[in-house]
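Chains, contacts and geometry: an overview
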Amino acid sequence: MSQSQRPTPGLAQRVLSVLMPAVVSVTLGFSLLLHHDLNRAINDGFDRLLIATSAVTGALIEAEPHQSLLDEVQGLGRDALELKVDPRYDDLVTPMRAIRERLGLTYLYTQVLGNGEREVIYVIDTSPAEDFTPIGTIDLLPSDAVDAMYKILGGAPHAVSPIEAWEEWGLLKSGFAPIRDANGNAVAAAGADVNVTVIRERTRIALLTVLVIGLSALSAGLIIAWVIAQRLSQPMQQLKTLAARATAGSSAQRSDATRLIPELRPVAAAIDALRARLQRSHDAARHDIGALRARRLHDATRHWLHTRVATDTGTEALDDPEREALVLGHRCGWRLLWVISPASRPDADDLVGWRQRIDLINLMRRLWEQSPEEPEHWPAWFGKTASRLLLPGEGRLLAVETDGRVMHLAGDPIEPGVDALPFRLRGA
C-alpha cells in the first residue's frame, strides 16, 4: 500500500500511540524499582534475621561451659562424639536447635579462632546428624567471614558477611555475634548461616510478585489509556457526525452540546451556524427551483397556446396595426375573418384567456363548416348562430368574398369612419 493510500490514524489512535509507550515505560520502571526494593528488603531481612539470631544465641551461651567442652576435647583428648551426649552440651545445644528450627536457618553454631590465619574451630553445632560438626572440628573461613570474626572478637556487637562460597558448605550468608565471659570479653562467636537457595527462593517469589503486580499495573494502565483515548475522541466524533449531517442537509438540532468539552463548544456552535445557513440556502434554492419550474411550465404552455392559435388559423393584414384579423376558414369563395378588438386580446401570461380563445376559434370553425350548403343561406345562418358566441367588445365576424365584397356576420357592428376599407383586398 502506498503512502497516499494508508489510512490516517484518528484521534483515539494518536492518543493511544502516545499514552501506551508512556504506560509501558512507567510500568517497567516501577517494576524494576519494586524488584530492586524487594531484593534489598529481602537481603536486609536476612541480615536482621542473622544478626538477631546470632545475638540471641551469643547471649544464651555461657562462656565457661562452652570453653570447658572445647578444652576437654583439645587438652584431655576426649572423644567429641561422647561429649555430644553430655548434659552440658545438651543444655547448650537444645535452645540453639529450637531457634534454628523455628527461624528456618540452615546452620546455627558457635566457634572460636584457630591458630591459622583463616582457621576456626567449631564447638556447638545444631545441624542434623548428616551435617553435624563435632566439637573441635577445624575449618577454613572465606576472607569476609574471617573479617567478621575479627570484628566480633575485637568488640563489635555483630557482623554480617555477604554471600560467600565455602569449600564444604556451599554458598552461605553468615551473621556473627560475640559470646562473652564473666568479664565481658568476647571469647567466642555465635554464627548463623542461611543457604543461598533460601535467599534465591525468596527472590524468585519476589520476582513473581513483581511480575504479577507489573502485569496488573500494565493492564490497568492500558485500560485507563484506552478509556482516556475514547473520552478524548468522543467529542471529536460528535463534531464529525454533526459536520457530516450539516453538509448532508440534515436539519436535526444538536442535543448534546452541554456534554462537549468547553474548548469544542465554539466549534460546535460554528457548525450549527453553518448548518442553519446551509438549510436557509437549501430552502431558498428549492423555492427558486420550484419557481423556475413553474415559470418554465407557464412559458411552455403559453408558447403552445400561441403556436396553436397561429397554426389553426391564418392572419390577414390590416391597415390598423393594433387590430388583428384571424382567418378561420374558407368556403365557396368566402373567407371567414374574425377581426379582434385590441381591448379583448388576452395578456401574454393569461393562459386561461388564451385557452378560451382557442376554444372559441374551434367552435366557430365547426359552425362555419356545418353551415348549410346553399350559398344564399349559410352566411346568414352562420351569422345568426355565431352572434350568440361573441361578447360585446370581442370584435366582429366578417365573410369576405374573393371579389372583395364584405358581409358582416356577427359581433361588433362596422363603424364607417373606422372600418372604411379596412382590408387590403384589392386585387384579391
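Whatever comes next refers back to the structure up there.
Now for a quick tour of the structure. (Residues numbered from 1 in each chain as written. Predicted model: local features only at pLDDT ≥ 70, side-chain atom pairs only at ≥ 80, totals over all residues. Heavy atoms only, no water.)

**Observations regarding the overall build of the protein chain**
Cut-off, in case you're wondering: The numbering of helices and of strands both runs from the N terminus, where a helix is a DSSP run of H or I of at least 4 residues and a strand a run of E of at least 2. Only protein chains enter the calculation, and the probe is 1.4 Å; a residue is then buried if its accessible area is under 20% of its type maximum, exposed if over 50%, and partly exposed in between. Contacts are residue-level and defined by heavy atoms, with any inter-residue pair within 4.5 Å sufficient. Areas reported as accessible are Shrake-Rupley estimates using a 1.4 Å probe. Residue values count occlusion only from the protein chains shown.
Regarding its fold elements, the protein chain presents ten helices and twelve strands. Residues classed as buried in the protein chain amount to 37% of the 428 residues present. The contacts of the protein chain with a sequence gap of at least 6 include a subset with a gap of at least 24, amounting to 57%. When the accessible surface of the protein chain is summed, it comes to about 24900 Å², and 57% of that surface belongs to carbon and sulfur atoms.

**Some details on the pairing of strand S11 (residues 396-401)**
The two faces of the sheet receive side chains in turn, since in a regular strand these alternate between them. Note the threshold: Strands are labelled as partners when DSSP assigns at least two bridges between them.
Burial of S11 is extensive: six of the six residues sit out of reach of the surface. Every second residue of S11 is oriented toward a common face, with Arg-396, Leu-398 and Val-400 on one face and Leu-397, Ala-399 and Glu-401 on the other, all of them buried. Pairing of strand S10 (residues 334-340) with S11, which is carried by six bridges, proceeds in the antiparallel orientation. What sits directly across from Leu-337, in S11, is Leu-398. In terms of strand pairing, S11 meets strand S12 (residues 406-411) through five bridges, oriented antiparallel. Residue pairing for S12: Val-400 is matched across the bridge by Val-406.

**What about the nonpolar core?**
We count it as follows: In plain words, nonpolar cores are sets of buried Ala, Val, Leu, Ile, Met, Phe, Trp, Tyr and Cys residues tied together by side-chain atoms within 4.5 Å.
Counting 28 residues, the largest nonpolar core has Leu-69, Leu-70, Tyr-89, Ile-124, Ile-135 and Ile-179 as its most contacted members. Looking at this core, the elements that each hand over two or more residues are helix H1 (11-60), helix H2 (63-74), helix H3 (80-83), helix H4 (87-103), strand S1 (107-113), strand S2 (119-125) and strand S7 (186-195). Broken down by element, this core gets its largest block of residues, five residues, from H4. With residues up to four places along the chain from it excluded, the contact list for Leu-69 reads Leu-83, Arg-88, Tyr-89, Leu-92, Ile-124 and Ile-135. Among the nonpolar cores identified, the runner-up in size contains 18 residues, and Leu-336, Phe-382, Ala-386 and Leu-409 belong to it.

**Thoughts on the environment of Asp-272**
The topology assignment puts Asp-272 in helix H7 (residues 265-312). Linking Asp-272 and Ala-243, residues 29 residues apart in sequence, is a C-alpha distance of 8.4 Å.

**Some points on the packing of aromatic side chains**
Filter applied, for reference: Each pair of aromatic rings taken from Phe, Tyr and Trp, with Trp reduced to its six-membered ring, is defined by centres within 6.5 Å and is described as stacked if the planes are under 30 degrees apart, edge-to-face if over 60, and tilted in the remaining cases. Both a distance and an angle decide whether a charge sits over a ring: NZ of Lys or CZ of Arg must be within 6 Å of the ring centre and within 35 degrees of the ring normal.
Inspection of every chain in the model, using the stated rule, returns one aromatic pair. Taken together, a centroid distance of 5.5 Å and an interplanar angle of 80° make the contact between Tyr-109 and Tyr-122 edge-to-face. With Tyr-109 in strand S1 and Tyr-122 in strand S2, this pair connects stretches of sequence that are 13 residues apart. Just above the ring of Phe-132 sits the side chain of Lys-84; from NZ or CZ to the centre is 4.2 Å.

**Observations regarding the pattern of salt bridges**
Definition in use: Every case where a carboxyl oxygen of Asp or Glu lies within 4 Å of a side-chain nitrogen of Lys or Arg is listed as a salt bridge.
Taken as a whole and assessed by the stated rule, the structure comprises four salt bridges. The salt bridge partner of Asp-86 is Arg-88, with a shortest N-O separation of 3.1 Å. If you follow the salt bridges from partner to partner, you end up with Glu-72, Arg-78, Asp-86 and Arg-88 in one network.

**Topic: the environment of Val-73**
Mapped onto the secondary structure, Val-73 falls in helix H2. Take Val-73: its relative accessible area is 16%, and that puts it in the buried class. With 50 residues separating them in the primary sequence, Val-73 and Val-123 have C-alpha atoms 9.8 Å apart. Each residue touching Val-73, except ones within four places of it in the same chain, is listed here: Arg-78, Ala-80, Leu-83 and Ile-135.

**What about H2?**
We count it as follows: One fewer than the residue count of a helix, multiplied by 1.5 Å, yields its expected span.
Compared with the 16 Å implied by 1.5 Å per residue over twelve residues, the 16 Å span of H2 between its first and last C-alpha is a close match. Within H2 the residues assigned to the buried category are Ala-63, His-66, Leu-69, Leu-70, Glu-72 and Val-73.

**Quick look at H4**
Selection rule: Here the bend at a residue is taken as the angle between two axes, fitted respectively to the seven residues that end there and the seven that start there. In protein, a polar contact requires one atom able to donate a hydrogen and another able to accept it; more generally it is a pair of N or O atoms within 3.5 Å, and residues adjacent in sequence count only if both atoms are side-chain atoms.
Relative to the 24 Å expected for 17 residues at 1.5 Å per residue, H4 spans 25 Å between its end C-alpha atoms, a close match to the ideal helical length. At Val-93, H4 is bent by approximately 30°, the largest bend along its length, and proline Pro-95 sits one to four residues beyond. Those residues of H4 lying buried are Tyr-89, Leu-92, Val-93, Met-96, Ile-99 and Arg-100. For H4, the N-terminal cap is Asp-86; the gap from its side-chain oxygen to the backbone nitrogen of Arg-88 is 2.8 Å. Looking one or two places after H4, you find Gly-104, whose phi comes out positive at around 70°.

**Some remarks on the packing of H2 against H4**
The following threshold applies: Every angle, taken between N-to-C directions, lies between 0 and 180 degrees, and every axis is a line fitted to C-alpha atoms, over only the stretch in contact when it is a helix. Orientation is classified from the angle alone, with under 35 degrees giving roughly parallel, over 145 giving roughly antiparallel, 65 to 115 giving roughly perpendicular, and any other angle giving oblique. The crossing is said to be left-handed when, going from far helix to near helix, the turn is anticlockwise and less than a right angle, and right-handed when the turn is clockwise. For this classification, the nonpolar set comprises Ala, Val, Leu, Ile, Met, Phe, Trp, Tyr, Cys and Pro, the charged set comprises Asp, Glu, Lys and Arg, and every other residue, Gly included, is treated as polar.
The geometry of H2 relative to H4 is characterised by a closest axis approach of 10 Å and an angle of 130° between their N-to-C directions. By the criterion of interaxial angle, the relationship of H2 to H4 is oblique. Note on packing geometry: the crossing formed by H2 with H4 is left-handed. Here H2 contributes Pro-65, His-66, Ser-68, Leu-69 and Glu-72 to the contact with H4, which in turn contributes Arg-88, Tyr-89 and Leu-92. Across the contact of H2 with H4, the residue classes break down as four nonpolar, two polar and two charged.

**Structural notes on the side chain of Asp-139**
This is how it is decided: The charged-residue count follows a simple rule in which Lys and Arg add positive charge and Asp and Glu add negative charge, with His and chain termini not counted at all.
With respect to the element layout, Asp-139 can be found in strand S3 (residues 138-140). With no salt bridge to any partner, buried Asp-139 finds its closest opposite charge in Arg-118, at an N-O distance of 7.9 Å. Side chain to side chain, Asp-139 and Tyr-122 meet in a polar contact 3.1 Å long.

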